[in-house]
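# What the coordinates show
Here is how the chains run, residue by residue.
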Amino acid sequence: MKLILILFFFPLHLIADTWVINRDHSVINFEVPYLKLSSVQGKFNNFSGLMEIEGEEIKKVRIRILSETVDTGIRLRDTHLKSKDFLASKKFPEIVFVSSEISKGDSYKALGNLKFKDMSLNLGIEFKISSP
């Protein structure tokens, strides 16, 4: 699964240690291979998150996604993705990512833990920050 995050944060106050995701200008997309022939692309329509900063350094990124807002553009498939076969949205309404380490190159990479359903995956998420 490929998870693509385009997130824009804004400060909670002028000299901020915590920035929150600006949902009006952010998106969480995903791409999943299908039978080695193609891929299924989609997005989540409801999410929130924050970034903790100390000076110039990003210390932590936390993202919360409402699993019932999965959207692939095909209602029947979305209903199946929300079922117990995949996300089990009724029993597990949230998908949560919490970073454990953040590195900076051309972009940032947050290594951390993604919890969904009754599973937990260690993965990396790349993101960029534009100037405020």
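Before reading on, note that the structure itself is shown above.
Presented here is a report on the structure given in the accompanying data block. Please read these numbers as outputs of a predicted model, since none were measured by experiment. (Residues numbered from 1 in each chain as written. Predicted model: local features only at pLDDT ≥ 70, side-chain atom pairs only at ≥ 80, totals over all residues. Heavy atoms only, no water.)

### A look at the overall build of the chain
- Of regular secondary structure, the chain possesses one helix and 11 strands.
- Its helices and strands in sequence order give the chain the pattern β-β-β-β-β-β-β-β-α-β-β-β, from N to C terminus.
- The buried share of the chain, taken over its 132 residues, is 33%.
- Sequence-distant contacts in the chain: of pairs separated by 6 or more residues, those separated by 24 or more amount to 41%. (Helix = DSSP H or I, 4+ residues; strand = E, 2+ residues; numbered from the N terminus. Buried < 20%, exposed > 50% of the residue type's maximum accessible area, 1.4 Å probe, protein only. Contact = heavy atoms within 4.5 Å.)

### Some words on the packing of aromatic side chains
- On inspection of all chains with the given rule, the structure shows two aromatic pairs.
- Ring centres 5.4 Å apart and planes at 45° place the aromatic pair Phe-30 and Phe-44 in the tilted group. Of this pair, Phe-30 sits in strand 4 (residues 27–34) while Phe-44 sits in strand 5 (residues 38–44); the two residues are 14 residues apart in sequence, bridging distant segments of the chain. Accessibility assignment for this pair places Phe-30 and Phe-44 in one class, buried.
- On the numbers, 5.3 Å between centres and 10° between planes, the contact of Tyr-108 with Phe-127 is stacked. Linking Tyr-108 in strand 10 (residues 108–116) with Phe-127 in strand 11 (residues 119–127), this pair joins segments that are 19 residues apart in sequence. Pair check on accessibility: Tyr-108 and Phe-127 agree, each one buried.
- Sitting over the ring of Phe-47, Arg-23 keeps its end group 5.7 Å from the ring centre.
- A cation over an aromatic ring shows up here: Lys-104 above the ring of Tyr-108, its NZ or CZ 5.5 Å from the ring centre. (Phe/Tyr/Trp six-rings, centres within 6.5 Å; stacked < 30°, edge-to-face > 60°. Lys NZ or Arg CZ within 6 Å of the ring centre and 35° of its normal.)

### Here we look at the pattern of salt bridges
- In total, this model carries three salt bridges according to the counting rule given.
- Ionic pairing is found between Lys-59 and Glu-57, a salt bridge with its closest N-O pair at 3.5 Å.
- Under the relative-accessibility criterion, Glu-57 is labelled partly exposed at 45%.
- In this structure, Glu-94 engages Arg-64 in a salt bridge whose closest nitrogen and oxygen atoms are separated by 2.4 Å. Here Glu-94, found in strand 9 (residues 94–104), pairs with Arg-64, found in strand 7 (residues 57–66); they are 30 residues apart in sequence, far enough to count as distant.
- Among the residues examined, Glu-94 registers a relative accessible area of 35% and is labelled partly exposed.
- For Arg-64, a relative accessible area of 34% gives the class partly exposed. (Salt bridge = Lys/Arg side-chain N within 4 Å of Asp/Glu carboxyl O.)

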